[in-house]
Amino acid sequence: MKKLNHFSHPHPLVLMEDQEMDKISIIYYCSACQERVDGSSYNCLECDFCLHKSCAELPREINHPFHPSHPLILYEKSQYVQYGRFVCNSCRKEKGKEFVYHCSACEFDLDIRCALIPYLIIGDFSKLEHFSHQHSLFFIQNHYIDPQYQSCFACEGPISGPICFCFDCNFFLHKKCFDLPLEIKHLSHHKHPLTLLANPPPHHEKCCCRLCSKPCKGFVYYCSPCEFGIKAKYAFSDDVIKSKNHEHPFTLLSRPISFICDACGSDGEYCIPYVCTARNLVVHRECISLPRNILITRHDHPVSHIYYFLEEKEVKKRGCRICQNEINTEYGCYHCRGCDYFVHVNCAMYKDIFIQEYEVTDEIQNPNQINLGWLIGEPSITRVIKEKKIGEEVIAIEIEHFDHECKLILCDDVKDEKYCDGCRRSISTSFYYCAECNYILHKRCAELPKKTRHWAFKETFTLEPYIEFKCDFCCFRGSGLRYGNDASNWFSCISCFLIPDTVTTRGHRHQVFFDHKFTFKCSICDDGHQKKGAFICRLKECDHFFLDYTCLTSPNIAQYKYDEHPLRLTYCDNIHHHSDQCVCDICEESRDPNEWFYYCGICDNSAHFLCVLGKYPFLKLGLTYKYRFHEHPLTFAKKDYFHDYLKCSVCDKYCKEIFFKCTQSGCKYVIDWECRLHIQRSTGL
């Protein structure tokens, strides 16, 4: 058995060939590249450390053409101790746990993939000089830089094709942008030639491109006497442009004017438009290429572009379903006619909302028949055992569910206080239960799809059971079922996931809608933290009401452990009118009478709603699971302040509040929850 002493690990590593790895059911990930191990690997028999055979045999020192001045040394982790991460100077991706080739003198880093495959790059690596940059640039014909991470400094387009690249800093130019002429004459500006500048003129902070009316960034062709500028990427645009989404060509006007774009409805303040004389349309250059049908995150059907409303009955006030501002029906927008759904062009094309262009084929004449939301994945109910017909509706009364091994039975009789094992909220409506154990699911939770999409994301989400997780919407930690997406690293409890982007909420008389651009402090809890994205009401009479997910999903009824009666969520204190009477009966600190709170009308007890819910209101204690760093199963437990003063077996400190303890008789293994989270983050397991 071949052994290896590797610099990155204190224990000897044993070589395991392909056939030996195939017999192991555990999935291993290489500590060097963080990719799954499928072939031969070096493994530690004392812990779970593992390296691909190729990664284990990497040279400790290399000379690389991207950094010829010094050799690069291989390290097992980032050498920037304060950050714990590094950015590869080749592919520009941020890395965390991977091995790195590093030059400490220059703070130059290459991940192992980029460091060891220069033969995939075709280029002479000769140095080129350009007026826009202080360092020499390398010309690279073909490369593997991910375009989603980098853009061209000149035109802001994604990096693709031949490029010129500075390895000393984050600077890229397309080769065609590198070769731009330093001076041109343009049809729209006859008086003077335009000079190529690497940046907009410093004295003119609001320098805008006369072709798109947006602030200039990157290279710009500019006339200083006239303060006239055009983005370099538009300087060589055709005077006549044909669009596949419009039957007539658009012609460039010869001078700047002020207009409202017929395609998007926004201002074109003193810029040069394109016009369609056949339809009497005046548009921005960028709006010529607007796709006819698109998919957006906020709607389950494709939406189609129109220039104006043709039918008289449709000419009425309409609000954008994304920003809630009025849409001018005389100009263009995107709409779903079957749903009476309308949005501004700029809202629909916003990078976090626009998914892709959608082509309506001959087979699909009506785009409204396509549903992109709930018809993605298989249902959570794996088998219907028994059904019952009530009127026209057929209801499954006995089912099998992917999260439970026993059959579940439908029940409408809610007698005692019960909590759903899916969303961890109290049950007050129909639910499925297991006759052999205490497993319970809301009927709604049991019928959720295993794969679906969320209106705030482009990716699909998968429903999966978890013993504990943090919801990235409400920031509570919970147990049960969650929707997750590994690509975006976003995870959500069921309650938050099912909230639509426009909702009628408790405690406010108007609808609130989600504004993804807005940074705010919650009007209800005002926890002092600025948050990105909020449910807001923009009506002047509401003085900008803002609501976060924590408050939006708080339970209507809650039970405090030392209170005899259940407490009801209350939205305004009309009983205790004076501020000195508004005191939380739990923490005994003052509370704002305008903030939400829990109240018992029988006992006249009131409390901050976070004091009632506590830190972990949606965790289910007593769950058992297999922890890979301990030989026995562990159970999820909460500290009993009268009895449990247990020391963590990892850090040797007393467990704080939540911990895991071994279920095996005689084994005293205990691990604090935060220690387990730390190990999980550091190992990726």
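To keep things clear, this report deals only with the structure shown in the data block.

What counts as what
- Residues numbered from 1 in each chain as written.
- Predicted model: local features only at pLDDT ≥ 70, side-chain atom pairs only at ≥ 80, totals over all residues.
- Heavy atoms only, no water.
- Helix = DSSP H or I, 4+ residues; strand = E, 2+ residues; numbered from the N terminus.
- Buried < 20%, exposed > 50% of the residue type's maximum accessible area, 1.4 Å probe, protein only.
- Contact = heavy atoms within 4.5 Å.
- Areas by Shrake-Rupley, 256 points an atom, 1.4 Å probe, with all protein chains shown as cover.
- Polar contact = N/O pair within 3.5 Å; in protein donor to acceptor, adjacent residues only side chain to side chain.
- Phe/Tyr/Trp six-rings, centres within 6.5 Å; stacked < 30°, edge-to-face > 60°.
- Pairing = 2+ DSSP bridges.
- Axes fitted to C-alpha atoms, helices over the stretch in contact; angles between N-to-C directions.
- Salt bridge = Lys/Arg side-chain N within 4 Å of Asp/Glu carboxyl O.
- Core = buried A, V, L, I, M, F, W, Y, C linked by side-chain atoms within 4.5 Å.
- Disulfide = S-S within 2.5 Å.

Scanning the chain for helices and strands turns up ten helices and 52 strands. For the chain, buried positions account for 48% of its 685 residues. Put simply, 49% of the contacts in the chain that link residues at least 6 apart link residues at least 24 apart. Here the chain has roughly 36,700 Å² of accessible surface; of this, 49% comes from carbon and sulfur atoms.

This next bit is on the side chain of Thr-297. Position of Thr-297 among the secondary structure elements: in the loop between strand E25 (293-296) and strand E26 (303-306). The class for Thr-297 is buried, based on a relative accessible area of 1%. A distance of 2.8 Å separates a polar atom in the side chain of Thr-297 from the backbone oxygen of Trp-455. Non-local contacts of Thr-297, meaning those with residues more than four positions away in its chain, are made with Asp-352, Ile-353, Ile-355, Arg-453, His-454, Trp-455, Phe-457 and Lys-458.

The subject of this paragraph is the packing of aromatic side chains. The tally for this structure, following the rule as stated, stands at 25 aromatic pairs. Taking the centre distance of 5.0 Å and the plane angle of 40° together, the rings of Phe-153 and Phe-171 count as tilted. Here the residue Phe-153 occupies a position in the loop between strand E12 (137-140) and strand E13 (163-166), and Phe-171 occupies one in strand E14 (residues 171-174), the gap between them amounting to 18 residues. Here Phe-171 falls in the buried class, since its relative accessible area comes to 5%. An angle of 50° between the planes, with centres 5.4 Å apart, marks the rings of Phe-457 and Trp-490 as tilted.

With burial as the criterion, each face of strand E2 (residues 13-16) is covered, one bearing Leu-13 and Leu-15 and the other bearing Val-14 and Met-16. For E2 and strand E3 (residues 41-43), the ladder comprises three bridges, and the chain directions are antiparallel. Residue pairing in the sheet places Val-14 in a bridge with Asn-43 of E3.

This part covers the sheet that holds strand E38 (residues 460-470). The sheet built from four strands is open, its strands ordered E37-E38-E39-E40 with antiparallel pairing. At either margin of the open sheet sits one strand with a lone partner, and together these are strand E37 (451-453) and strand E40 (490-493). The mean inter-strand angle of the sheet, taken between neighbouring strand axes irrespective of direction, is 50°. Here seven bridges tie E38 to strand E39 (residues 477-485), and the two strands are oriented antiparallel to one another. Looking across to E39, one finds that Lys-470 is bridged to Arg-477.

A separate point is the pattern of salt bridges. Considering all chains together, one arrives at 20 salt bridges under this definition. The shortest N-O distance in the salt bridge between Glu-247 and Arg-279 comes to 2.9 Å. With Glu-247 in the loop between strand E19 (240-241) and strand E20 (250-252) and Arg-279 in the loop between strand E23 (274-276) and strand E24 (281-283), this pair connects stretches of sequence that are 32 residues apart.

Right, let's get into the pairing of strand E33 (residues 393-401). In the case of a regular strand, side chains alternate between the two sheet surfaces. With eight bridges connecting them, strand E32 (residues 381-390) and E33 associate as antiparallel partners. Looking across to E33, one finds that Lys-389 is bridged to Val-394. Adjacent in sequence and paired antiparallel, E32 and E33 are bridged by two residues, among which Gly-391 carries a positive phi angle near 65°. Relative to strand E34 (residues 407-411), E33 runs antiparallel, the two sharing three bridges. Bridging from a neighbouring strand, Ile-399 pairs with Leu-408 of E34. The hairpin formed by E33 and E34 contains five residues between the paired strands.

Turning our attention to unusual backbone geometry. The phi dihedral of Asn-280 is positive, around 55°, even though this residue is not glycine. Relative to the elements of secondary structure, Asn-280 occurs in the loop between E23 and E24. In this structure, Arg-424 takes a positive phi of about 65° despite not being glycine. Judged by its relative accessible area of 13%, Arg-424 falls in the buried class.

A few words on the environment of Tyr-350. Within the element layout of this structure, Tyr-350 appears in the loop between helix H5 (345-348) and strand E31 (354-357). Separated by 54 residues in sequence, Tyr-350 and Ile-296 place their C-alpha atoms 9.3 Å apart. Those residues in contact with Tyr-350 that lie beyond four places of it in its chain are His-516 and Lys-517.

On to the environment of Ala-446, then. In this structure, Ala-446 sits in helix H6 (residues 443-446). Since its relative accessible area comes to 0%, Ala-446 is described here as buried. As for Ala-446 and Phe-431, which are separated by 15 residues in sequence, their C-alpha atoms are 8.3 Å apart. Once residues within four sequence positions are removed from consideration, Ala-446 is found in contact with Ser-380, Ile-381, Ile-399, His-401, Tyr-432 and Leu-441.

This part covers the side chain of Thr-505. Looking at the element boundaries, Thr-505 is found in the loop between strand E41 (502-504) and strand E42 (511-520). Here Thr-505 is in contact with Val-512, Leu-547, Leu-552 and Trp-596, once residues within four sequence places are set aside.

Soluble globular proteins: nonpolar side chains tend toward being buried together. Counting residues in hydrophobic clusters, the biggest one holds 103 residues, and the most contacted among them are Tyr-101, Ile-112, Leu-173 and Val-283. What Val-283 contacts, discounting residues up to four positions off in sequence, is Phe-250, Phe-259, Cys-261, Asp-262, Ala-263, Pro-273, Tyr-274, Ile-288 and Tyr-307.

With antiparallel pairing, five strands are arranged side by side in an open sheet as E30-E29-E26-E25-E31. Where the open sheet ends on each side, the last strands, each with one partner, are strand E30 (341-343) and E31. Each strand axis lies, on average, 35° off the axis of its neighbour in the sheet, ignoring direction. Sheet topology places E26 next to strand E29 (residues 333-336); three bridges connect them, and they run antiparallel. Bridge assignment links His-305 to a residue of E29, and that residue is Tyr-334.

Covalent bonding between the sulfur atoms of two cysteines defines a disulfide. Applying the stated rule across the entire model yields zero disulfides. Of the cysteine sulfurs around Cys-475, a residue in no disulfide, the closest is that of Cys-474, at 6.7 Å. With relative accessibility at 49%, the residue Cys-475 sits in the partly exposed group.

Moving on, we get to the environment of Ser-523. In this structure, Ser-523 sits in the loop between E42 and strand E43 (531-537). For Ser-523, a relative accessible area of 32% gives the class partly exposed. Taking the C-alpha atoms as reference, Ser-523 lies 8.4 Å from Asp-548; in sequence the two are 25 residues apart. The residues contacting Ser-523, other than those within four sequence positions of it, are His-544, Phe-545 and Phe-546.

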